[in-house]
Amino acid sequence: MAREVDLNSLQDLERELILQVLYRDQAVQNVEEERVRSLKTHLQHLRWKGGKGVSQEDKEKSCARCQRKVSAPDILKPLSQESPKRLTLPVLKQEDLPPRVKPSTLFSGGLRQGSLISINSTCTEMGNFDNANVTGEIEFAIRYCFKTHSLEICIEACRNLAYGEDKKKKCNPYVKTYLLPDRSSQGKRKSGVQRSTVDPTFQETLKYQVEPAQLVTRRLQVSVWHLGTLARRVFLGEVIIPLATWDFKDSTTQSSRWYPLRAKAEKYEEGLLPNNGELAVRAKLVLPAGPSKLQESQEGAGQPSCDGQLCLVVLGAKDLPVRSDGTLNSFVRGCLTLPDKQKLRLKSPVLKKQACPQWKHSFVFNGVSPSQLRQSSLELTVWDRAAFGVNDRLLGGARLGSKEDPAGGADSGSQSKLQWQRVLSSPNLWTDITLILH
């Protein structure tokens, strides 16, 4: 099990040796990640080309997918020592290590591993999948428990589905759901796979924990897929339901009903980028003279003094793109850009090994006036702190203020302006805001 070590208690030579070991391990992980990315690309190319015809005499001597004769799969080949991406580091001799320093107790960690299942799932989310002629219907019910804040999608059955493999008349259907615009892996729910049927019965309940206020911003996507050989996916149809108009208190809407399956919509509706989670903040404009000061500045009576404060409390985030171990070492950066292009920057502390961090950290921007803030923008970005000098990883960002958020599209920009105006029009009062990270 990995554990943290206080390097300050060690001698200079010991610290240097430990850091060299950790640097080498980081280099190996970088090489491994590059190898996995290459394998994903190679696998996807094979899927695009499809299987080739093969004679019976060569079937057992060559790959059934690419028809190449190799003695072992490429995935099992060891890392090349001549790899140009491999970092060159000094090699330590065994006698150079102090007797009481044992690398095995200083750091432990394995290479990140993947499977064909997870690789294909990643490709599916990127839009790389096969399509069938969409037919049939799906039966499900939508229910919400206000006591537990639980959204339940009760998947009952499908009927008259298209064959995932038409030539073989084969279909292994399963159901997948998202609460759009969240397309992260944490927001995905899946049913079990039903084998060899175009009229499957599932009778499974997929659940989400979501606040009532967030329901109006979400759309439920229910899609049906065929699971083929080598984890190959085929899209069989989908249903998208806006939850903003759904009456969860009406008992008649909680019963199961049949919905016709439709062809897949565009990859990212309305030009939006994929969702990278949510950031909850609380903002307040502090004016010493109270609301009258803001009214005077809005009416143009004199030049307001720059004696106000913009206070922001970064509460927490969820549905972030986590590491392979399911955690993050995350922090938030805030940048307030004033009309004269001056930038005021602040940063939160790092919360380690948390998938849903709760910082509850305050940002205070001093010396600002309402007239300045009406022409300013506040950018908030969430980062994953990298180890040993490697660049930190951007998890997502959002913008409040006069400038539109180019990542969020026109609707996101309009909402950003409205939220910003609400903060400025309610001085000395807290305003709760939930930002979608892109």
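Reading the values: the criteria
Residues numbered from 1 in each chain as written. Predicted model: local features only at pLDDT ≥ 70, side-chain atom pairs only at ≥ 80, totals over all residues. Heavy atoms only, no water. UniProt positions renumbered as here; feature names shortened; annotations may be inferred. Phe/Tyr/Trp six-rings, centres within 6.5 Å; stacked < 30°, edge-to-face > 60°. Helix = DSSP H or I, 4+ residues; strand = E, 2+ residues; numbered from the N terminus. Buried < 20%, exposed > 50% of the residue type's maximum accessible area, 1.4 Å probe, protein only. Lys NZ or Arg CZ within 6 Å of the ring centre and 35° of its normal. Pairing = 2+ DSSP bridges. Axes fitted to C-alpha atoms, helices over the stretch in contact; angles between N-to-C directions. Core = buried A, V, L, I, M, F, W, Y, C linked by side-chain atoms within 4.5 Å. Contact = heavy atoms within 4.5 Å.

Per an unreviewed UniProt entry, the chain carries the name Synaptotagmin-like protein 3 and comes from Pteropus alecto. UniProt's Subcellular location (unreviewed entry) comment on the chain is quoted here verbatim: "Endomembrane system".

**Student:** Requested: an account of the packing of aromatic side chains, with residues and values cited.
**Tutor:** Counted under the stated rule, the structure contains 4 aromatic pairs. Here F140 and Y259 contribute two aromatic rings whose centre-to-centre distance is 4.4 Å and whose plane-to-plane angle is 15°, an arrangement assigned as stacked. Of this pair, F140 sits in strand β2 (residues 137-145) while Y259 sits in strand β9 (residues 257-260), and the two are 119 residues apart along the sequence. In this structure, F140 and Y259 share a single accessibility class: buried. An aromatic cluster is built from Y144, F146 and F248, whose rings are joined through pairwise contacts. The positively charged end of R159 is found above the aromatic ring belonging to W258, 3.8 Å away from the centroid. Here the guanidinium or amino end of R333 rests over the ring plane of W383, the centre of that ring lying 4.5 Å away.

**Student:** Please set out the sheet that holds strand β11 (residues 308-318) residue by residue, giving values where relevant.
**Tutor:** Reading across from one edge, β14-β11-β10-β17 is the order of the 4 strands in this open sheet, with antiparallel pairing throughout. The two strands at the open ends of the sheet, each matched to only one other strand, are β14 (361-368) and β17 (431-436). Averaged over all neighbouring strand pairs, the angle between strand axes comes to 25°, with direction disregarded. Sheet analysis places β11 next to β14, joined by 7 bridges and oriented antiparallel. In the sheet register, Q309 faces β14, and the bridge partner there is N366.

**Student:** Let's hear about the nonpolar core: which residues, and what values?
**Tutor:** For soluble globular proteins, nonpolar side chains are generally found buried alongside one another. Residues I138, F140 and L151 are the most contacted members of the largest nonpolar core, which totals 32 residues. Secondary-structure elements contributing two or more residues to this core are β2, β3 (150-159), β4 (173-180), β6 (201-209), β7 (219-227) and β8 (233-242). The residues touching F140, leaving out its near neighbours within four places in the chain, are I153, C154, I155, E156, L220, V222, V239, I241, S255, S256, R257 and Y259. Counting residues in each nonpolar core, the second largest holds 31 residues, with L338, V368, W420 and L437 among its members.

**Student:** With reference to specific residues and values, describe the pairing of strand β10 (residues 278-286).
**Tutor:** Relative to β11, β10 runs antiparallel, the two being bridged by 9 bridges. Pairing of V286 across the sheet is with Q309, part of β11. With 6 bridges joining them, β10 and β17 adopt antiparallel strand pairing. Counterpart to R282 in the pairing with β17 is D432.

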